[in-house]
Amino acid sequence: MASNKTLLILPGDGIGPEVMSEVRRVMDWMDRRRAVSFGVTYGKVGGAAIDEAGTPLTDETMADAMSVDAVLLGAVGGPKWDSLPFEQKPERGLLRLRKEMDLFANLRPAICFDALVDASSLKPDLVAGLDILIVRELTGGIYFGEPRGVETLPDGQRRGFNTQNYTSGEIRRVAEVAFELARKRDNRLCSVEKANVMESGVLWREEVSALHGEQFVDVELSHMYADNCAMQLVRQPKQFDVIVTDNLFGDMLSDEAAMLTGSLGMLPSASLGGVDATGRRKALYEPVHGSAPDIAGQEMANPIATLLSFAMSLRYSFDLADDAELIETAVKNVLAGGLRTADIIQPGKAKVSTTVMGGSLVRELDKLAA
Ligand code: NAD
């Protein structure tokens, strides 16, 4: 019988296929033990697609991505394709997906697992139990604004310029996603901009406040300037629940927040688009890390970031929050049991390979579901 949950897997390059194989084991476990089956299809993106079809994303794969409930991506890129012209590079495949799926809300959770509190550069008591979510606007703002360019002035100097602009619609749609997510968490949203020095920031604050008054008065809303937010994230990160901010500030604040938790190999992300006529929201899930060519093929990659990205898809695309929680608990328990891939190894802990970590996670799921 055809599954009503459709998932396109794009393993990509480098460690992408290795970590995705471990996620597939968890999907198969869900099929067996939870009677949740996905209609899974596979496609190529990045260097793998260039090698096969001469382009980082074929029109067929793009059409597949548009037709499924969710896309799960590994990572793209590697030295083999570094010398290609910009338009043909592996990363263009990912950019095309994000653009054509119109994925305007980028979700970056920063969760600190108890077993890894010492991996943070902050004191353990500041990060123990940390669980914040940054929602970054992904398709507007200064990275895309016009006019942009570099020009030569009459006096011979050169001038580089970019434009920050947001429409009320662009602000409201990402704020709406953030308010809705806050409702499912601790019900607090902090909206971040620079309304003290930027008109686009003034509009951002006005629109978020207006939307709050119209639809989300039950959510506790606060506003903060981006520079203060950067400071507060290292001073007292646990004060936040959900943060919503623009493309530029979100780029920086989400990396800052991520690093509070330790390793790249642990960090998932989701990018969400609008809701279509059938009520389905376009969605792409991927680890924050890249293709890690330095360790590819060596059984050293940490599969947890990709597994947690899959867990995010269960929560946000498939309405399977209990199963997402089960996977997150399995990750917590396996780490608490002392197993570590090389990137998160600590003194006295057992260093394990990618597949041993994957197998241990499946066994832990077995225990949890027993
Ligand atoms: P990277 O994230 O691939 O690796 C940075 C460092 O972290 C490396 O030392 C790597 O070994 C380690 N690392 C990353 N993920 C890990 C994991 N799961 N387990 C263990 N260790 C891990 O970043 P980079 O080295 O700057 O880039 C490598 C390639 O990846 C480049 O071609 C880059 O363009 C591409 N890239 C792709 C994406 C993406 O697909 N979204 C994101 C970033 C970089």
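Residues numbered from 1 in each chain as written. Predicted model: local features only at pLDDT ≥ 70, side-chain atom pairs only at ≥ 80, totals over all residues. Heavy atoms only, no water.

Novice: Can you help me understand the side chain of Lys194 in this one?
Specialist: With respect to the helices, strands and loops of the structure, Lys194 is situated in the loop between β8 (188-193) and α7 (199-215). If sequence neighbours within four positions are ignored, Lys194 has contacts with Gly201, Tyr225, Ala226, Asp227 and Phe249. (Helix = DSSP H or I, 4+ residues; strand = E, 2+ residues; numbered from the N terminus. Contact = heavy atoms within 4.5 Å.)

Novice: What's the story with the site of the ligand in this structure? I'm lost.
Specialist: By nearness alone, 20 residues border the ligand, and Glu91, Gly290, Ala292, Asp294 and Asn302 come closest of all. One nitrogen or oxygen atom from the side chain of His289 is found 3.2 Å from a nitrogen atom belonging to the ligand. Its residues assigned to classes, the shell around the ligand comprises 9 nonpolar, 7 polar and 4 charged. (Near = heavy atom within 4 Å. Polar contact = N/O pair within 3.5 Å; in protein donor to acceptor, adjacent residues only side chain to side chain. Nonpolar A, V, L, I, M, F, W, Y, C, P; charged D, E, K, R; others polar.)

Novice: Would you mind going over helix α10 (residues 304-316) with me for this structure?
Specialist: Because each turn of an α-helix spans 3.6 residues, side chains separated by three or four positions end up pointing in the same direction. Taking 1.5 Å as the rise per residue, α10 with 13 residues should run 18 Å; its terminal C-alpha atoms sit 18 Å apart, in good agreement. With 11 of its 13 residues buried, α10 lies for the most part within the structure. Ile304, Ala305, Thr306, Leu307, Leu308, Ser309, Phe310, Ala311, Met312, Ser313 and Leu314 are the residues of α10 that are buried. (Expected span 1.5 Å × (residues − 1). Buried < 20%, exposed > 50% of the residue type's maximum accessible area, 1.4 Å probe, protein only.)

Novice: Just checking my understanding: could you explain the sheet that holds strand β9 (residues 220-225) for this structure?
Specialist: Sheet strands pair by backbone hydrogen bonding; their relative direction is either parallel or antiparallel. With mixed pairing, the 10 strands of this open sheet are ordered in space as β2-β1-β3-β12-β11-β4-β5-β10-β8-β9. Of all the strands in the sheet, just β2 (39-42) and β9 have a single pairing partner and so form its edges. Neighbouring strand axes in the sheet, compared pairwise and without regard to direction, differ in orientation by 20° on average. Strand direction decides the pairing type here: strand β4 (residues 105-111) and strand β5 (residues 131-137), joined by 7 bridges, are antiparallel. In the sheet register, Ala105 faces β5, and the bridge partner there is Glu137. Against the sheet, helix α1 (residues 16-33) makes contact with β1 (6-12), β2 and β3 (70-75), and its axis sits at roughly 150° relative to β1, the strand it touches most. Each of β1, β3 and β12 (281-287) is contacted by helix α4 (residues 91-100), which is oriented at about 150° to β12, the strand it contacts most. (Pairing = 2+ DSSP bridges. Axes fitted to C-alpha atoms, helices over the stretch in contact; angles between N-to-C directions.)

Novice: Explain the packing of aromatic side chains here, please?
Specialist: For any pair of aromatic rings, the description rests on two quantities: the centre-to-centre distance and the angle between the ring planes. On inspection of all chains with the given rule, the structure shows 4 aromatic pairs. Ring geometry for Phe38 versus Phe310: centroids 5.7 Å apart, planes at 70°, classification edge-to-face. You can see Phe38 sitting in the loop between α1 and β2 and its partner Phe310 sitting in helix α10, a full 272 residues away along the chain. Overall, Phe38 belongs to the buried group, its relative accessible area being 12%. Classification of Phe310 by relative accessible area gives buried; the value is 0%. Ring centres of Phe179 and Phe216 lie 4.6 Å apart, and the angle between their planes is 5°; on these two criteria the pair is classed as stacked. You can see Phe179 sitting in helix α6 (residues 168-183) and its partner Phe216 sitting in the loop between α7 and β9, a full 37 residues away along the chain. (Phe/Tyr/Trp six-rings, centres within 6.5 Å; stacked < 30°, edge-to-face > 60°.)

Novice: Could you clarify how one ought to interpret the pairing of β8 in this entry?
Specialist: The side chains of a regular strand alternate between the sheet's two faces. The element β8 is largely enclosed, with a buried count of 5 among its 6 residues. Of the strand pairs in this sheet, β8 and β9 are connected by 6 bridges, and their pairing is parallel. Its bridge partner lying in β9, Glu193 is registered against Tyr225. One ladder, built from 4 bridges, connects β8 with strand β10 (residues 242-245); its direction is parallel. Note on β10: the bridge partner recorded for Val192 is Thr245.

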